[in-house]
Amino acid sequence: MNNSIVERERGLLELERRIAELRNANVSQPVDMSAEIAALQQKYEELQREIFGHLTPWEKVHMARHPNRPTSLDYISQLDRFDELHGDRMFRDDPAIVAGFALLHGRPVMVMGQQRGRDTKENLRRNFGMVTPEGYRKVQRLAHTASRLDVPIVTFIDTKGADPGITSEEHAQSEAIAKCLYEFTEARVPIVASIIGEGGSGGALALGIADHVIMLEHSVYSVASPEGCAAILWGDATKAEEAAARLKLTAADLRAFGIIDEIVPEPLGGAHREPATVVSTVLGSVSMALQRLGAMSTDALREARYQKYRRIGAWETERLEVIGTSR
Amino acid sequence: MPMPDWLRSRRGKGADTRDAALWSKCPVCGEVLYRRDLAANLFVCTKCEHHFRMHAYDRINMLIDGDFTEIGAAVQAGDPLEWVDKKTYPVKIAGDKEKSGLSEGVVAGIGTMDGFEVALGVMDFHFRGGTMGTVVGERLTMLLEEARRRHLPCIIFTASGGARMEEGMFALMQMAKTTAAVTRLMDDGNLFVTVLTDPTTGGVSASFAFESDVVVAEPKAMIGFAGRRVIEQTIRQKLPDQFQTAEFLLEKGAIDMVVDRHDLKNTLVRLLQYTSQKQVRALQQVQDKL
Ligand SMILES: [Zn+2]
């Protein structure tokens, strides 16, 4: 089952190539092969619907992690302008966070995204998109700057989780994430977050407190990675598929829970099949949200943000104060 | 306000009589300790000074002068994901209620410490490993909001294995909710202190635990973001024993102080004293307005 999406997609791509070959041959050769092509095309579409029409949560996890899925830089590169800013001013620059000033549809924004690599070499440099404390401190610094300068914050979330290494613990990973949450809660400017791939745990939430949260149709967002959840609850990371099903980590689930605000649909086969369209749709949604939020006063914006998170939860009783309880 | 029943019974009987065992074995040195002696020594091993994990009400009893007005005790866990594995989530919760004698993973309320009125939240590892779900987040948020409303300093004792898996994203979002309440409390100039006890990890350590003015920890408490096992699996080597202990974090500059449990109340009271004048002035201003 592992990475089934990529495996099955390979068969589909092979079929796609054969159809293209036949089409080319049809033009240059005297024999008419239109009927064969049409049959193949129909088979292709059936197969595509069969594979991608109804993705299970676990298949969505693989879709969210697909190596060709558009990453933060694919979105950032389509902004009108981008001036990258580097470093945490204390220790180093973390390449797993790409951030800086940018123009989105002519509007100044502070953009920041978690960046994984496309290949092994880039993944090693970017630590597979797993952010270290230095990256989170860069995020805090720039969120603070944006808030001071009245520039809205736009984030792209795409990480399995925060880096779990020795150095990260030594550099107080917990504190680094906690202070991101603090900075985003306090920010005096609109914040729009987009979950473009995998939103894994607190490491994702560090860029995720926002006035408007967008999620791609096949992205996932969860309290822990399915592997992590299975290991924690059942001591067995191989039960990840079961965990994925239980965690309610899909965009549709989270929209129903009121944890995200908007779902951007993906083409059949996933965002990577038509990256340009997906990127421009997401940027359009971000822009619309910024326009709406920009009309609010700072106080109203911050009050609405407070109430939005204040409400999230599920508990049984009405809020009551009880004096003392017996054990 | 009358003394709550649980507190009266505690005060009357002394040690935790609910625990069937009269004896406890120290997990560090192996010494067999009489429960009554252990309780008298604030649940610190009389031989090796190992700090046992404390029950929330024992902790409150150790810190609070008299009455303790609980906040949010009526808030009980829902089951938003309709979670089932070997058991359903409600069955797991019922089991932990029975075992721990607690209604959830945190007890929150208002009381006085050496005469200082304070908002106090105490997490308890004995309830689902101190994991943070909606109830923990909600009760702490209610506590932080009440502290802000009454211009009180707030102290939260943490003990947590992280976010509660069975509540999925609702659990993760409690990090955002508690943080929002912390920022408002702190913006108004109220003192916020966290005391990190064994263990404090994951979503709790990566939110309010490290957002306070002063971060205190108990000796040898395990504190970190990623669990020890996860790191060992990632780097494929064993970690040194000292790694992620309170003492290690102190050396790395991540926390303010490591305080022995016998000195803890005095330390907290001293911290409260630094801001008590400010608190008096704030209350005065409120009264003047009335
Ligand atoms: Zn001992």
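Attention in this report is confined to the structure presented alongside it.

With that settled, consider the overall build of chain A. Helix and strand content of chain A: 14 helices and eight strands. The C-alpha atoms of chain A give a radius of gyration of 22 Å, which matches the 20 Å a tight globule of 327 residues would have. Considering only C-alpha atoms, chain A reaches an extent of 85 × 55 × 40 Å along its principal axes. Here chain A holds 327 residues, and 54% of them are scored as buried. At a minimum sequence separation of 6, the contacts of chain A that also span at least 24 residues come to 73%. Taken as a whole, chain A presents about 14000 Å² of accessible surface, with 51% of it coming from carbon and sulfur. For chain A, the distance from the average position of its 39 positive side-chain charges to the average position of its 46 negative side-chain charges is 3 Å.

With that settled, consider the coordination of the zinc ion. All names here are of chain B. The zinc ion binds to the protein through Cys26 (SG), Cys29 (SG), Cys45 (SG) and Cys48 (SG); the donor distances cover 2.2 to 2.4 Å. Counting gaps between the donor residues of the zinc ion yields the pattern C-x2-C-x15-C-x2-C. Taking relative accessible area as the criterion, Cys26 reaches 2% and is therefore assigned buried. Using a relative accessible area of 29% as the deciding quantity, one classes Cys29 as partly exposed.

What follows covers the pattern of salt bridges. Pairing between side chains of opposite charge can happen when their charged atoms approach one another. Residue and element names in this part refer to chain B. Overall, the coordinates contain 42 salt bridges over all chains when judged by the stated rule. A salt bridge links Arg53 to Asp198; the shortest N-O distance between them is 3.1 Å. Of this pair, Arg53 sits in the loop between helix 2 (35–40) and helix 3 (56–63) while Asp198 sits in strand 7 (residues 192–201), and the two are 145 residues apart along the sequence. According to the relative accessible area criterion, Arg53 is partly exposed, its value standing at 39%. Measuring nitrogen to oxygen at the nearest pair gives 2.8 Å for the salt bridge that ties Arg261 to Glu218. A residue pair is termed long-range when its members are at least 10 positions apart, and Arg261 in helix 10 (residues 261–289) and Glu218 in the loop between strand 8 (214–217) and strand 9 (223–224) qualify at 43 residues. Taken individually, Arg261 and Glu218 each receive the classification buried, so the pair is uniform in this respect. Residues joined in a network through salt bridges with shared partners are Asp85, Lys92, Asp96, Lys99, Arg128 and Glu166.

Reading the values: the criteria
- Residues numbered from 1 in each chain as written.
- Chains lettered and ligands numbered in written order.
- Predicted model: local features only at pLDDT ≥ 70, side-chain atom pairs only at ≥ 80, totals over all residues.
- Heavy atoms only, no water.
- Helix = DSSP H or I, 4+ residues; strand = E, 2+ residues; numbered from the N terminus.
- Rg over C-alpha atoms; globule rule 2.2 N^0.38 Å.
- Buried < 20%, exposed > 50% of the residue type's maximum accessible area, 1.4 Å probe, protein only.
- Contact = heavy atoms within 4.5 Å.
- Areas by Shrake-Rupley, 256 points an atom, 1.4 Å probe, with all protein chains shown as cover.
- Lys, Arg positive; Asp, Glu negative; His and termini not counted.
- Charge placed at Lys NZ, Arg CZ, Asp CG, Glu CD.
- Donors = N, O, S within 2.8 Å, 3.2 Å for Na, K, Ca; no water.
- Salt bridge = Lys/Arg side-chain N within 4 Å of Asp/Glu carboxyl O.

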